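# Chain and residue survey
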Amino acid sequence: MEEILKIEHLEKSFGSNEVLRDIDFSVNKGDVISIIGSSGSGKSTLLRCINMLEEASGGRILYHGQNILDGSVDEDQYRTKVGMVFQSFNLFNNFNVLKNCTVGQTHVLKRSKEEANANAMEFLKKVGMDQYINAKPRQLSGGQKQRVAIARALAMSPEVLLFDEPTSALDPEMVGEVLDVMKDLAKSGMTMLVVTHEMAFARDISTRVVFMADGKIEEEGSPQQIFHNPVSERTKDFLSRFMENS
Amino acid sequence: MTISEMNFFQRMIYIVQEYAPSLAKGAATTMAIAIICTLLGCVIGFAVGLVQTAEPHKKSGIVKRGILKAVKLILTAYVEIFRGTPMMLQAAFIYYGTAQVFGINLGMWSAAIIIVSINTGAYMAETVRGGILSIDPGQREGARAIGMSHFQTMMLVILPQSLRNIMPQIGNNLIINIKDTCVLSIIGTVELFFTFRSISGALYTYFEAATVTMIIYFILTFACSRLLRWIEGRMDGPANFDLATGDTLAFTSGLTRYNEKTGGTF
Ligand SMILES: Nc1ncnc2c1ncn2[C@@H]1O[C@H](COP(=O)(O)OP(=O)(O)OP(=O)(O)O)[C@@H](O)[C@H]1O
Ligand SMILES: [Mg+2]
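Treat the numbers as computed from the prediction; the structure is a model and nothing was measured. (Residues numbered from 1 in each chain as written. Chains lettered and ligands numbered in written order. Predicted model: local features only at pLDDT ≥ 70, side-chain atom pairs only at ≥ 80, totals over all residues. Heavy atoms only, no water.)

### Notes on the overall build of chain A
A count of helical and extended segments in chain A gives 9 helices and 10 strands. Expected size for 246 residues packed as a compact globule is a radius of gyration near 18 Å; at 18 Å, chain A falls within 12% of this value. The principal-axis extent of the C-alpha atoms belonging to chain A is close to 55 × 45 × 35 Å. Look at the contacts in chain A between residues 6 or more apart in sequence, and 65% of them connect residues 24 or more apart. As displayed, chain A offers around 9600 Å² of accessible surface, 43% of which is attributable to carbon and sulfur atoms. Seen as two clouds, the 28 positive and the 35 negative side-chain charges of chain A have centres 6 Å apart. (Helix = DSSP H or I, 4+ residues; strand = E, 2+ residues; numbered from the N terminus. Rg over C-alpha atoms; globule rule 2.2 N^0.38 Å. Contact = heavy atoms within 4.5 Å. Areas by Shrake-Rupley, 256 points an atom, 1.4 Å probe, with all protein chains shown as cover. Lys, Arg positive; Asp, Glu negative; His and termini not counted. Charge placed at Lys NZ, Arg CZ, Asp CG, Glu CD.)

If you want it as structure tokens, here you go:
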């Protein structure tokens, strides 16, 4: 199996606050990895380090064997390969839906306008937003914005997509439409790294589940193992609390 | 009928009839300086605001950081000095200063444009800085996350949104400039206020001349503020959007299938 990302001994501190400690795991092509864990355990920080939005304080992140932290990899080119979908969508407010999905293609990947448009339309259709190409983000619902954000990320032809709680900012009735898109993506073979509080998604869709606690990976395994035979007490604790609440 | 026999309205009409060309020329000069200088001021303001909000690159060395810091310091001094002193004195300082110290005679137009632009730029720099800081950091992250460089992020995403947000402030500056060009009369620029002084000096009809000139100023500023509102509306685009229907299919026809090797996904 082709390894896309390998994270070794990753560390991150904000001042004296150690947020990530000795994180080790790898992402292979086709993996759908769910990262779960309680608030403040460092899940977002991990994704942001992988995407280089935060600068890691130690360790290595190997992208196809090349360490992206030693300055030898072009940061912007790397980011086109490792897309990110945010909790708060972060669509460009000054562009309509179509331009949101083409601006990166034309300006970063230097694709022609026609190719970018055609490509954007393909993905907008996949997420069911092709009718809304003329809308500005402010004219869309949260679920619609998030589906456009997914199309925008896909239009860059990434190898891996990182999702940081993509449904947490949504009203409950819109969570489903975004999860459906993500399920389709997972089935189509997209490599995904998803921070989520949607336990059903983690259990049913992912190929692997990572449970984080206090900036460390407490336990990692198949959904079957994590949800039905967790080894660690903390995992058991977290899951039982979660199941009670939901 | 002599001027002294006329009533208030007759005197106003007389002024307009007799001095229409001077008033028109004065108004045109005022508008030309105000518009040109507001635009140049915006350019200066955006340039300065961009530098002021620039963060040193993570990997840039101590020299680059030092240079950036020095440039920021100079720009801060520029902003504070030109915001903190009267434009009338700045005009005298620059106009007579260049003549005396450097032996350069700037000429009325270039002096006027330099002074008002630099002054507007100082105000705009702060406005632009505020405009950039007011944009949700998520916009920057969204742009960086699809691989845009810092420069692309600023030019494509942050500055257009900042520009839209500070349009009311730019309008304010234009209107202030229309009125404040009157201080240029100190260096002999023949703008609308200068015309007023000539008329009132020639006819000794201060009240009427002031009324006529004020009305002209008001028409100019009011027209500008309406025009800017209209531009803002245009920038926002329509309040509603059309759902794209069947024709979008035409749009996608002939699309190339995705290349698996370059990172194709579906
Ligand atoms: N920019 C920052 N500066 C300082 N501390 C930060 C910063 N970002 C995050 N932290 C700290 O890092 C820790 C982990 O934060 P992070 O956002 O990664 O948690 P999380 O697992 O994503 O939580 P949640 O489920 O609430 O999103 C927290 O203690 C947080 O206060
Ligand atoms: Mg988080």
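Having seen it, we continue.
### Comments concerning the sheet that holds strand 8 (residues 191-195) of chain A
All names here are of chain A. Read from one edge of the open sheet, 6 strands run 6-7-8-3-9-10, paired in mixed fashion. In this open sheet, the two edge strands, each paired with only one partner strand, are strand 6 (82-85) and strand 10 (216-221). The mean inter-strand angle of the sheet, taken between neighbouring strand axes irrespective of direction, is 20°. Each of strand 6 and strand 7 (160-164) touches helix 5 (residues 142-155); the most contacted strand, strand 6, lies at about 175° to it. Packing against the sheet, helix 6 (residues 172-187) makes contact with strand 3 (32-37), strand 7 and strand 8, and its axis sits at approximately 145° to strand 8. (Pairing = 2+ DSSP bridges. Axes fitted to C-alpha atoms, helices over the stretch in contact; angles between N-to-C directions.)

### Things to note about the site of ligand 1
All names here are of chain A. Around ligand 1, the neighbouring residues are F14, V19, S38, S39, G40, S41, G42, K43, S44, T45, E165 and H197. In the model, an oxygen atom of ligand 1 is placed 2.8 Å from a nitrogen or oxygen of the G40 main chain. Here an oxygen atom of ligand 1 and a backbone polar atom of S41 are 3.3 Å apart. Summarising the interface, the protein chains cover 59% of the accessible area of ligand 1, which totals 630 Å² for the free molecule. Of all the elements, helix 1 (residues 43-50) adds the most residues to the shell around ligand 1, at 3 residues. Tallied by class, residues from the shell around ligand 1 come to 2 nonpolar, 8 polar and 2 charged. (Near = heavy atom within 4 Å. Polar contact = N/O pair within 3.5 Å; in protein donor to acceptor, adjacent residues only side chain to side chain. Nonpolar A, V, L, I, M, F, W, Y, C, P; charged D, E, K, R; others polar.)

Any link to function would need more than the numbers given here.
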